[in-house]
Amino acid sequence: MTTPDSSTRSVVVEKEFPHPPEKVWRALTESSLIEQWLMKNDFQPVAGHSFSLRMDPVPNWNGVIDCQVLVVEPLRTLSYTWGTLGMESIVLFTLTPTPAGTHVRMEQSGFRPDQEDNYKGAQYGWQKFMGGLERVVAGLE
Amino acid sequence: MRSSTDNVFKALADPTRRAIFERLTRDGDQTVHALTEHAGVSQPMVSKHLSALKRAKLVRNRRQGRETHYSAQPQALAPLVDWIGHYGAFWQNKFARLEDLLERMDK
């Protein structure tokens, strides 16, 4: 269910649910429903809206994930940034209707330090580095 | 585990340090002089960056004569890779909860 992307590090989880896209979309975008499967939140399905996801604090972590809505295409696409522990990434949900229900694909990608200086970063891209990282670690065996 | 991940990320957040680290990974041991030729910054700056990489255990140094040689320690990247890998298990767990919720919503 989890596959690494070939160009940069990413996490992909896919599943088909025996429920119509309308219902899955509600679970992904209504704050009280999001809390029941993901985390406490102040989400609103509005592009540009900043919100946080909150879990119980654990040692070394306050349990807060800072997010901002990027894309809201009802019944199809939902995307938001995901920032925590000094790292930022992007979460993208894609819904596809199937004869039996809805296929949901979640991809979390673009992991990079959120304190990165963007100007300097352009000279030596973090994404490029993460692409090479997999090869470096594979070479450790 | 989390603190070592923090160190690795902090060390690699700077593009000059990333470039130095990748150079050492690709080309093997180098002296500070050799690294300075390619880094585009002064030798004191290169030394400072190397200290940050050393704190994160991403490089090791050894003195040979009057020169200090640096080598990459790519196994120090492992916590960073693990950290991202944790999200795979995290989302699979959340998808199972989403499935339960969708069942309950029927009722």
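Conventions used here
- Note on numbering: residues in each chain are counted from 1, in written sequence order.
- As a convention, the first chain written is A and the first ligand written is 1, with the rest following in written order.
- Whole-chain, interface and lining totals are the exception, using all residues; otherwise, since this is a predicted model, local features are given only for residues with pLDDT of at least 70 and side-chain atom pairs are given and counted only at 80 or more.
- The side-chain numbers reported here are obtained from all heavy atoms of the structure, hydrogens and water having been left aside.
- UniProt positions are given in the numbering used here, feature names are shortened, and annotations may be inferred rather than shown by experiment.
- Here a salt bridge means any side-chain nitrogen of Lys or Arg lying within 4 Å of a carboxyl oxygen belonging to Asp or Glu.
- Think of it this way: any DSSP run of H or I at least four residues long counts as a helix, any run of E at least two long counts as a strand, and we number them from the N terminus.
- Buried residues are those whose accessible area, probed at 1.4 Å on protein chains only, stays under 20% of the maximum for their type, while exposed residues exceed 50% and partly exposed ones sit between those limits.
- In these notes, a set of buried Ala, Val, Leu, Ile, Met, Phe, Trp, Tyr and Cys residues joined through side-chain atoms within 4.5 Å is what counts as a nonpolar core.
- Whether two residues are in contact is decided by their heavy atoms: any pair within 4.5 Å suffices.

Going by what an unreviewed UniProt entry lists, chain B is known as DNA-binding transcriptional ArsR family regulator and is assigned to Silvibacterium bohemicum.

Recorded in UniProt under Sequence similarities (unreviewed entry), the annotation for chain A is "Belongs to the AHA1 family."

K.L.:
Looking at this structure, I do not really get the pattern of salt bridges. What am I missing?
P.N.:
It is possible for side chains bearing opposite charge to pair when their charged atoms get close. Under the definition given, this model contains seven salt bridges over all chains. A salt bridge links Glu 99 of chain B to Lys 15 of chain A, with the nearest nitrogen and oxygen atoms 3.5 Å apart. Of this pair, Glu 99 of chain B sits in helix H5 (residues 78-105) while Lys 15 of chain A sits in strand E1 (residues 10-17), on two different chains. Residue Lys 15 of chain A is classed as partly exposed on the basis of its relative accessible area, which comes to 23%. The partner of Arg 23 of chain B in a salt bridge is Asp 27 of chain B, with the nearest N and O atoms 3.6 Å apart. Residue Arg 23 of chain B and its partner Asp 27 of chain B are located together in helix H2 (residues 15-27), separated by four residues, close to a single helical turn.

K.L.:
Where do I start with the nonpolar core in this structure?
P.N.:
Across soluble globular proteins, you tend to see nonpolar side chains buried next to one another. Among the nonpolar cores identified, the biggest contains 34 residues, and Trp 37, Leu 38, Tyr 80, Trp 82 and Phe 93 of chain A together with Trp 91 of chain B are the most heavily contacted of them. Of the residues forming this core, the biggest block, seven residues, is contributed by H5 of chain B. If near-sequence neighbours (up to four positions away) are discounted, Leu 38 of chain A is found in contact with Leu 53 and Tyr 80 of chain A together with Phe 90, Trp 91 and Lys 94 of chain B. Counting residues in each nonpolar core, the second largest holds 18 residues, with Val 46, Leu 50, Leu 58 and Tyr 70 of chain B among its members.

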